[in-house]
Amino acid sequence: KDDDSDDDDDDDDDENGSISEEEKVEKVKESAKKDKSKQSGLKQEVAQLKEQHGLKDENRTPFDGESLADFYTRTSKYWNHQATVAVVGTDIELSNKEIKREGFKLAQVRFDELKPVIDRLAELRFSLKHDAKSDSKKKVDKSKKSSRR
């Protein structure tokens, strides 16, 4: 009976050589921890980007997918005011057309500055939504498996 001597070493394997239920549960728990950690890191990056770039002010922040023209149209009063404030106290007098031109330039600078940030935030939101959908699918799959027993 020497060929049966290693049976005690294989407590984790069933007769088919598959992983035990305890190991499966541990792997699922480890995966869930990694997913939560990843989501936490993504949420932290979103918050950090918003804080670093002052994205809470809608007058200074383009919406995801918004064109420069749409951004300026939506926020023109703000940018035109900024252009007017910039020349107060100087000898420069701007016509209404020049104020709008300068306001548009200010909006364009801000838009160009934030474009990579807005794109990154869109990626992060997509990842968070994708991960959330994946998590809910895993829960549904897990409940289906447990209801089959």
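Going by the structure above, here's the rest.
Residues numbered from 1 in each chain as written. Predicted model: local features only at pLDDT ≥ 70, side-chain atom pairs only at ≥ 80, totals over all residues. Heavy atoms only, no water.

Draft legend 1. Broad picture of the pattern of salt bridges. Overall, the coordinates contain five salt bridges when judged by the stated rule. Note that Glu102 and Lys105 form a salt bridge whose closest N and O atoms lie 3.4 Å from each other. Of this pair, Glu102 and Lys105 both sit in helix α3 (residues 96–148), three residues apart, roughly one helical turn. Using a relative accessible area of 42% as the deciding quantity, one classes Lys105 as partly exposed. Note that Lys115 is salt-bridged to Asp119, the shortest N-O span being 3.1 Å. With a gap of four residues between them, Lys115 and Asp119 both fall in helix α3, about one helical turn apart. Residue Asp119 is classed as partly exposed on the basis of its relative accessible area, which comes to 32%. (Salt bridge = Lys/Arg side-chain N within 4 Å of Asp/Glu carboxyl O. Helix = DSSP H or I, 4+ residues; strand = E, 2+ residues; numbered from the N terminus. Buried < 20%, exposed > 50% of the residue type's maximum accessible area, 1.4 Å probe, protein only.)

Draft legend 2. The packing of aromatic side chains, seen in detail. Summed over the entire model, instances satisfying the criterion amount to four aromatic pairs. Relative to Trp79, the ring of Phe71 lies with its centre 6.1 Å away and its plane at 65°, an arrangement referred to as edge-to-face. Looking at Phe71, the relative accessible area reads 0%, which means it is buried. The class for Trp79 is buried, based on a relative accessible area of 5%. Here Tyr78 and Trp79 contribute two aromatic rings whose centre-to-centre distance is 4.8 Å and whose plane-to-plane angle is 85°, an arrangement assigned as edge-to-face. An aromatic cluster is built from Phe71, Tyr78, Trp79 and Phe111, whose rings are joined through pairwise contacts. (Phe/Tyr/Trp six-rings, centres within 6.5 Å; stacked < 30°, edge-to-face > 60°.)

Draft legend 3. Local environment of the side chain of Arg110. Inspection of the secondary structure assignment puts Arg110 in helix α3. In contact with Arg110, not counting residues within four places along its chain, are His53, Gly54, Leu55, Arg60, Thr61 and Trp79. (Contact = heavy atoms within 4.5 Å.)

Draft legend 4. Highlighting helix α2 (residues 68–87). Between the first and last C-alpha of α2 there are merely 24 Å, a value that for 20 residues lags more than 12% behind the 28 Å anticipated at 1.5 Å per step. In the structure, α2 departs most strongly from a straight axis at Thr75, where the bend amounts to approximately 80°. Of the residues one or two after α2, Gly89 is the one with positive phi, at around 85°. (Expected span 1.5 Å × (residues − 1). Bend = angle between axes of the 7 residues up to and from the residue.)

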